[in-house]
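# Residue-level structure breakdown
So the chains spell out like this:
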Amino acid sequence: MNPRDARDPVISPRPMQHERAPEPGRDRADPCTMIILGALGDLSRRKLLPAIYQLMHEHLVDERFTVLGVARDGAQTDDTFRAAMAKALKESDEVEQFDDALWQDLCPRLHFVSADLTKAEDYAAIGKELEHLEAKCPPEQRNRLFYLAVPPSVFEPIVCNLSKSGLAPRTKTQDERPWTRIVVEKPFGRSFETAQRLNNMLLGMFAEHQTYRIDHYLGKETVQNVLVLRFANSIFEPIWNRQWIQHVQITAAETVGMEGRGKYYEEAGVVRDMFQNHLLQLLTLVAMEPPAQMSANSVRDEKVKVLRSIRWLTEETIPHNAVRAQYTAGTVGGKSVAGYRQEPDVSPESIRPTFAALRLAVDNWRWNGVPFYLRSGKRLAKRVSEIAVQFRSPPHLMFGHETRAAMRPNVLVMRVQPNEGVSLSFQVKVPGAAVALTSNIEIAPVNMEFDYTQAFGEVTAPAYETLLLDVMIGEATLFTRSDEVEAAWRVIDPLIQYWESHPPKRMPTYAAGSWGPREGDELIEEDGVEWREPEV
Ligand code: NDP
Ligand code: BG6
């Protein structure tokens, strides 16, 4: 336990230093205490605190907003916790400039209590601290947001202890006040069975409306924009089907390696880490039918239907539709980097894939016969995530042979990161001598570009900022529902099981800094298609 001699005064309602109405179109969060379970970890320092800071900067949190950090380290106090968080903010890429006035506002809102969250007896200290922090709040405003920023191995005991301790009561309806909400980080389970067990446990203790399963890709601006692009424009939807679309490529390429997460990655590998959640979520948004309304359940109903329409991978089909590989030493961004098996906490004989490429079929009316190619890997050439929709070639080309050979299909690219935006490529005639259209005129593909920053003059909000605010408001559309997570595991489980029970004789490799293994290219070249080399 963390002995605390002197208690800081609790935040009482007072205008924030930068008190101002939120931007039009953005709601201010309900008052609440955010209890970060695992508050000294990487996620908390790199993502959650910067998101809170930014929400305060934008006047989106309530003036009673308070944070209670919890971790085991008994040597921590409010002061050391605050110092660690100030350091994290100063080092964060997501905080443009550390604003001292804003920090003076945030700092006294941060509190810390040490507890081993797997031990039921340690919850009394958290309860005592919460009572103290909430003492001046009217009872109906004593909202609690529990954020599980802890390793997935302790999710289950923590969910159980939270409920049994009475700190996180089940609420009957979404409108009940005060509310209690639980945010569960990914990976949500490590298989269909474990995800189902965690869901059953969560839903045995809390209601679905209290449970927020986070997938931070859903908070990214372009990802949210996929539905707007598709359903708010009349030009795309009529051609968004098998008749006009030849295939879809979804890429999430990273330049980073293990960054101290070797132990976690040895458990997870790229399929659990990126495909089960982020990549399948992108696929569902591209492939789903228009929801009845833009409500959380209508959107999630349609996403679940897509996941259930994905053709199951089997022992017979996996070898022809999936490729795995590991990075070896190479050069990324001009720096020499070690191979995966040389990373700290990674076995020198590890067979955990750091790259995978997958061909999936969505067996429904809209997508029959349209392949979805997915790829993701660590230590690739560029950091880029994008969805590329490639349209079919025109049915008849009357141009000369050389012109036809130079033609490129139309591609609509939704750039998730970096430089969020959308581009549409099409063919134009290269200006030059007038020639008859039937002969070999010179043509070239050009791009029509939409760039968020250029169009709106500001950088888009980081995903965690959007998602945290949604939890504080009670908006669940960008979170995954229990059946959705399970349906995603059903797609991925056969692949993981097959790969784990069929270790490769020789693990395919790729040099760090490349675009992945040759086998990944061959997977789609069989279909006469190439991976795009994304422009960033
Ligand atoms: P870390 O290992 O860096 O941090 C885990 C935190 O949990 C530490 O503060 C640790 O502190 C605390 N903790 C662990 N066990 C206990 C316990 N029994 N009781 C109390 N506190 C405990 O992990 P990350 O921050 O990287 O990840 C946290 C979660 O977020 C994971 O589920 C991860 O998969 C997910 N995530 C992380 C991302 C990232 O970029 N880091 C991205 C997306 C998801 P102490 O040891 O002092 O108790
Ligand atoms: C996390 C994975 O969910 O997403 C990490 O655990 C990965 O391994 C990260 O690096 C990628 O997120 P982003 O937002 O940087 O694309």
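Residues numbered from 1 in each chain as written. Chains lettered and ligands numbered in written order. Predicted model: local features only at pLDDT ≥ 70, side-chain atom pairs only at ≥ 80, totals over all residues. Heavy atoms only, no water.

Here the focus is the overall build of the protein chain. Broken down by element type, the protein chain carries 15 helices and 17 strands. Radius of gyration (C-alpha) of the protein chain: 25 Å, near the 24 Å computed for a compact globule of 536 residues. Dimensions along the principal axes, computed over C-alpha positions, put the protein chain at roughly 85 × 55 × 45 Å. For the protein chain, the residues scored as buried account for 55% of the 536 residues in total. Sequence-distant contacts in the protein chain: of pairs separated by 6 or more residues, those separated by 24 or more amount to 79%. (Helix = DSSP H or I, 4+ residues; strand = E, 2+ residues; numbered from the N terminus. Rg over C-alpha atoms; globule rule 2.2 N^0.38 Å. Buried < 20%, exposed > 50% of the residue type's maximum accessible area, 1.4 Å probe, protein only. Contact = heavy atoms within 4.5 Å.)

This brings us to the side chain of Arg-375. Note on placement: Arg-375 falls in strand S12 (residues 371-377). It is Asp-521 that comes nearest to the buried, bridge-free Arg-375 among opposite-charge side chains, at 5.7 Å. A distance of 2.8 Å separates the side chain of Arg-375 from the backbone oxygen of Arg-532, its partner in a polar contact. (Lys, Arg positive; Asp, Glu negative; His and termini not counted. Salt bridge = Lys/Arg side-chain N within 4 Å of Asp/Glu carboxyl O. Polar contact = N/O pair within 3.5 Å; in protein donor to acceptor, adjacent residues only side chain to side chain.)

A few words on the nonpolar core. Judged by nonpolar contacts, the single largest core of 152 residues is most densely connected at Tyr-147, Leu-283 and Phe-372. With residues near it in sequence (within four places) discarded, Leu-283 still touches Ile-250, Val-306, Ile-310, Leu-360, Val-362, Phe-372 and Leu-374. (Core = buried A, V, L, I, M, F, W, Y, C linked by side-chain atoms within 4.5 Å.)

Once that is clear, we can look at the sheet that holds strand S5 (residues 180-184). Reading across from one edge, S3-S2-S1-S4-S5-S6 is the order of the 6 strands in this open sheet, with parallel pairing throughout. Here the strands that pair on one side only, and so sit at the sheet edges, are strand S3 (110-114) and strand S6 (211-213). Across this sheet, the average inter-strand angle for adjacent strands is 20°, counted without regard to direction. Judged from the 5 bridges that link them, strand S1 (residues 33-37) and strand S2 (residues 66-71) form a sheet pairing that is parallel. Across the sheet, Ile-36 pairs through a bridge with Gly-69, a residue of S2. Running at roughly 170° to S1, helix H1 (residues 42-57) makes contact with S1, S2, S3 and strand S4 (144-148) of the sheet. (Pairing = 2+ DSSP bridges. Axes fitted to C-alpha atoms, helices over the stretch in contact; angles between N-to-C directions.)

Glancing now at the site of ligand 2. In the region of ligand 2, the neighbouring residues are Lys-186, His-216, Tyr-217, Lys-220, Glu-254, Arg-261, Asp-273, Met-274, His-278, Lys-378, Arg-383 and Gln-417. The side chain of Lys-378 places a nitrogen or oxygen atom 2.7 Å from an oxygen atom of ligand 2. A total of 390 Å² of accessible area belongs to ligand 2 in isolation, and the protein chains cover 85% of it. Top element by residues in the shell around ligand 2 is helix H8 (residues 262-287). It accounts for 3 residues. Residue composition of the shell around ligand 2, grouped by class: 2 nonpolar, 3 polar and 7 charged. (Near = heavy atom within 4 Å. Areas by Shrake-Rupley, 256 points an atom, 1.4 Å probe, with all protein chains shown as cover. Nonpolar A, V, L, I, M, F, W, Y, C, P; charged D, E, K, R; others polar.)

What follows concerns the site of ligand 1. Taken together, 23 residues lie near ligand 1, and Asp-42, Leu-43, Arg-46, Arg-72 and Lys-186 sit nearest. Here an oxygen atom of ligand 1 sits 3.2 Å away from a polar atom, N or O, in the main chain of Leu-40. Note that an oxygen atom of ligand 1 is positioned 3.0 Å from one of the backbone N or O atoms of Gly-41. A total of 890 Å² of accessible area belongs to ligand 1 in isolation, and the protein chains cover 82% of it.

This part is about the packing of helix H6 (residues 192-205) against helix H14 (residues 482-501). Geometrically, a packed helix pair is captured by the angle between its two axes and the distance between the axes. As a packed pair, H6 and H14 sit with axes 9 Å apart at the nearest point and diverge in direction by 170°. Here H6 is positioned roughly antiparallel relative to H14, judged by the angle of their axes. Facing H6, whose interface residues are Phe-192, Glu-193, Ala-195, Gln-196, Asn-199 and Leu-203, H14 presents Ser-482, Val-485, Glu-486, Trp-489, Arg-490 and Asp-493. (Parallel < 35°, antiparallel > 145°, perpendicular 65-115°, else oblique.)

A word on the pattern of salt bridges. By the definition in use, this model includes 29 salt bridges. For the salt bridge of Arg-366 with Glu-237, the shortest nitrogen-to-oxygen distance reads 2.8 Å. Here Arg-366 is found in the loop between strand S11 (355-361) and S12, whereas its partner Glu-237 is found in the loop between helix H7 (221-231) and strand S7 (245-253), with 129 residues between them in sequence. Per residue, the accessibility class of Arg-366 equals that of Glu-237, and both read buried.

If you trace the 9 strands from one edge of the open sheet to the other, you get S16-S15-S14-S13-S7-S12-S11-S8-S17, paired in mixed fashion. Either end of the sheet is taken by a strand with one partner, and the two such strands are strand S16 (443-451) and strand S17 (509-511). Recorded for the sheet is a direction-independent mean angle of 20° between the axes of neighbouring strands. Alignment of S7 against strand S13 (residues 384-391), held across 8 bridges, turns out to be antiparallel.

Packing of H8 against helix H9 (residues 296-309) leaves a shortest axis separation of 9 Å and a crossing angle of 105°. Viewed along their axes, H8 and H9 adopt a mutual orientation that is roughly perpendicular. Within the contact between the two elements, H8 uses Leu-280, Gln-281, Leu-283, Thr-284, Leu-285 and Ala-287 and H9 uses Lys-303, Val-306 and Leu-307.

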